Amino acid sequence: MDKKLKLAVIGKPIGHSKSPEIHKHFANQFDAKIEFRKDEVAPETLETWLADFFKDGGKGVSITLPLKEAALNYADEISDRARLASACNVIYAKDEKLFADCTDGFGLIKDLQENIKVSLKDKKILILGAGGAARGIIPSIIEKDPASLKIANRTKSKALFLKEDLEGKLDLKGKSLTFEAGGLSDDFLLADSYDLVINSTSVSTQAGESIGLPKALFSGTKLAYDLFYSAEKTVFMQEAFEKGAEKVSDGWGMLVEQGAESFRLWTNLIPDTSRLLEKPID
Ligand code: ATR
């Protein structure tokens, strides 16, 4: 790769994003020359920003909140995983076309299976939240044949809608999956126990906020995983641990692994993630 590859991450807010550091670390492994921009872009200016970036020779862009759904409108081709998620976290130029993809589910599964060494097959899984982040990971989770999957959301109707929508899009025939959706009531949450509890709500982005989960929720939980990452343990992680979860994790590994998959889409190179997984960038 002789030419400098033009890459970027966009969203609003964007200051916290570690994507430039992550991708520079990947590029260094191959002596690849990259230029990685971090731009604050709001939905109103997304179309113009993308048009200018790719006209200017841009190769790929990471898309973060709140642009993941809207960005799908500006791609020529949408991958199956982005279509199922109704969202994308990466857009890249190839053969004169713009491709949209969603590597979040891939990143989560890779982190769970290969880094944390948790298999999802036949496991009982609870997902808290029914927004874009939940949407992005559920198809990849179902693919791994868990015994049951429950979506619990503060606004119950949103969880029911998400379940119905996914049932219409995914091929669940031949799967012995118990798939349920509901609110955050104790009755619904405590009707089962869970091997894995995933927090996909945006509560961890609101400093000090708690979802207010019942104590018994985490009895028997092997892993409580927060999709959000931060230098400190999130409130969800602290609560889950105090309430009996054997292990807790934030979403740093998922972030690194989804980034590695995005890097592969942009460069055809598969980076080694091991060093970044050991030591988050401050
Ligand atoms: P994202 O794309 O990150 O999922 P989103 O679509 O705005 O963002 O969804 C945020 C999710 O976090 C929603 O499931 C939201 O619940 P509601 O649908 O009831 O709004 C959930 N959420 C945010 N703050 C929360 C809180 N304090 N307690 C519980 N759930 C919360």
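Residues numbered from 1 in each chain as written. Predicted model: local features only at pLDDT ≥ 70, side-chain atom pairs only at ≥ 80, totals over all residues. Heavy atoms only, no water.

Draft legend 1. Main features of the site of the ligand. Around the ligand there are 16 residues in total, and Ala-133, Asn-153, Arg-154, Thr-155 and Lys-158 lie nearest to it. Note that an oxygen atom of the ligand is positioned 3.0 Å from one of the side-chain N or O atoms of Arg-154. Protein burial of the ligand: of its 640 Å² of free accessible surface, 79% is covered by the chains. When its residues are assigned to classes, the shell around the ligand shows five nonpolar, eight polar and three charged. (Near = heavy atom within 4 Å. Polar contact = N/O pair within 3.5 Å; in protein donor to acceptor, adjacent residues only side chain to side chain. Areas by Shrake-Rupley, 256 points an atom, 1.4 Å probe, with all protein chains shown as cover. Nonpolar A, V, L, I, M, F, W, Y, C, P; charged D, E, K, R; others polar.)

Draft legend 2. Layout of the pattern of salt bridges. Applying the stated criterion across every chain yields a total of 17 salt bridges. Close ionic contact of Lys-68 with Asp-104 constitutes a salt bridge, the shortest N to O distance being 2.8 Å. You can see Lys-68 sitting in the loop between strand S3 (60-63) and strand S4 (77-78) and its partner Asp-104 sitting in helix H4 (residues 104-115), a full 36 residues away along the chain. Looking at Lys-68, the relative accessible area reads 18%, which means it is buried. Salt-bridge contacts for Glu-114 lead to Lys-110; the nearest nitrogen and oxygen are separated by 3.8 Å. (Salt bridge = Lys/Arg side-chain N within 4 Å of Asp/Glu carboxyl O. Helix = DSSP H or I, 4+ residues; strand = E, 2+ residues; numbered from the N terminus. Buried < 20%, exposed > 50% of the residue type's maximum accessible area, 1.4 Å probe, protein only.)

Draft legend 3. Looking closely at the sheet that holds strand S6 (residues 97-101). The strand order across the open sheet built from six strands is S2-S1-S3-S5-S6-S4, with neighbouring strands paired in mixed fashion. Unpaired on one side and paired on the other, strand S2 (34-40) and S4 mark the two borders of the sheet. Across three bridges, S3 lies against strand S5 (residues 90-94) in antiparallel orientation. Each residue of the ladder has a partner; that of Val-61, found in S5, is Ile-91. Contacts from helix H2 (residues 46-55) reach strand S1 (5-11), S2, S3, S5 and S6, with the element oriented near 170° to S1. (Pairing = 2+ DSSP bridges. Contact = heavy atoms within 4.5 Å. Axes fitted to C-alpha atoms, helices over the stretch in contact; angles between N-to-C directions.)

Draft legend 4. Layout of the side chain of His-23. Topologically, His-23 is positioned in helix H1 (residues 19-28). His-23 sits in the buried class, given a relative accessible area of 2%. In this structure, His-23 is in contact with Ile-34, Phe-36, Ser-62, Gly-259, Ser-262, Phe-263 and Trp-266, ignoring residues within four places of it in sequence.

Draft legend 5. Local environment of the sheet that holds strand S9 (residues 178-182). In space, the six strands of this open sheet follow the order S9-S8-S7-S10-S11-S12, with parallel pairing throughout. Among the strands making up the open sheet, the edge pair consists of S9 and strand S12 (247-249). Averaged over all adjacent pairs, the angle separating strand axes in this sheet is 15°, with direction ignored. By the bridge criterion, four bridges tie strand S7 (residues 124-128) to strand S10 (residues 196-199) in an arrangement that is parallel. When the bridges of S10 are listed, Ile-127 appears paired with Ile-198. Against the sheet, H4 makes contact with S10 and strand S11 (223-226), and its axis sits at roughly 150° relative to S11, the strand it touches most. Its contacts with the sheet put helix H5 (residues 132-143) on S7, strand S8 (148-152), S9 and S10, and the angle it makes with S7 is roughly 170°.

Draft legend 6. Broad picture of unusual backbone geometry. Note the cis peptide between Lys-12 and Pro-13, where omega equals 0°. The omega torsion across Leu-65 and Pro-66 is 0°, close enough to zero to call that bond cis. Structurally, Pro-66 is set in the loop between S3 and S4.

Draft legend 7. Spatial organisation of the domain arrangement of the protein chain. Considered domain by domain, the protein chain is made up of domain 1 (5-102 + 253-278) and domain 2 (118-250). Each of domain 1 and domain 2 has a C-alpha centre, and the two are 26 Å apart. Listed as interface residues are twelve residues of domain 1 and, on the opposing side, eleven residues of domain 2. Overall, the association of domain 1 and domain 2 removes approximately 850 Å² of surface from exposure, summing both partners, and the carbon and sulfur fraction of that is 62%. Applying the counting criterion to the domain 1 and domain 2 interface returns zero salt bridges. Remark: the boundary between domain 1 and domain 2 carries three residue pairs in polar contact (both at pLDDT 80 or more). (Domains from an automatic or database assignment. Buried area = accessible area lost by both parts, 1.4 Å probe.)

Draft legend 8. Structural context of the nonpolar core. By size, the foremost hydrophobic cluster in this structure holds 28 residues, and its most contacted members are Ile-138, Ile-141, Ile-198 and Tyr-225. Elements that contribute at least two residues to this core include exactly H4, S7, H5, S8, helix H6 (156-169), S9, S10 and S11. In terms of residue count, H5 provides more of this core than any other element does, five residues in total. (Core = buried A, V, L, I, M, F, W, Y, C linked by side-chain atoms within 4.5 Å.)

Draft legend 9. How the structure looks around the pairing of S11. Residues Leu-223 and Tyr-225 of S11 are buried on one face, and the alternating residues Ala-224 and Asp-226, pointing to the opposite face, are buried as well. Pairing of S10 with S11 involves four bridges; the strand directions are parallel. From the neighbouring strand, Ile-198 faces S11, where its bridge partner is Tyr-225. Across three bridges, S11 lies against S12 in parallel orientation. Paired with Tyr-225 across the strands is Ser-249, a residue of S12. Tracing the backbone out of S11, into helix H8 (residues 235-242) and back to the parallel element S12 gives a crossover that is right-handed. (Right-handed = clockwise from strand over helix to strand, strands pointing away.)

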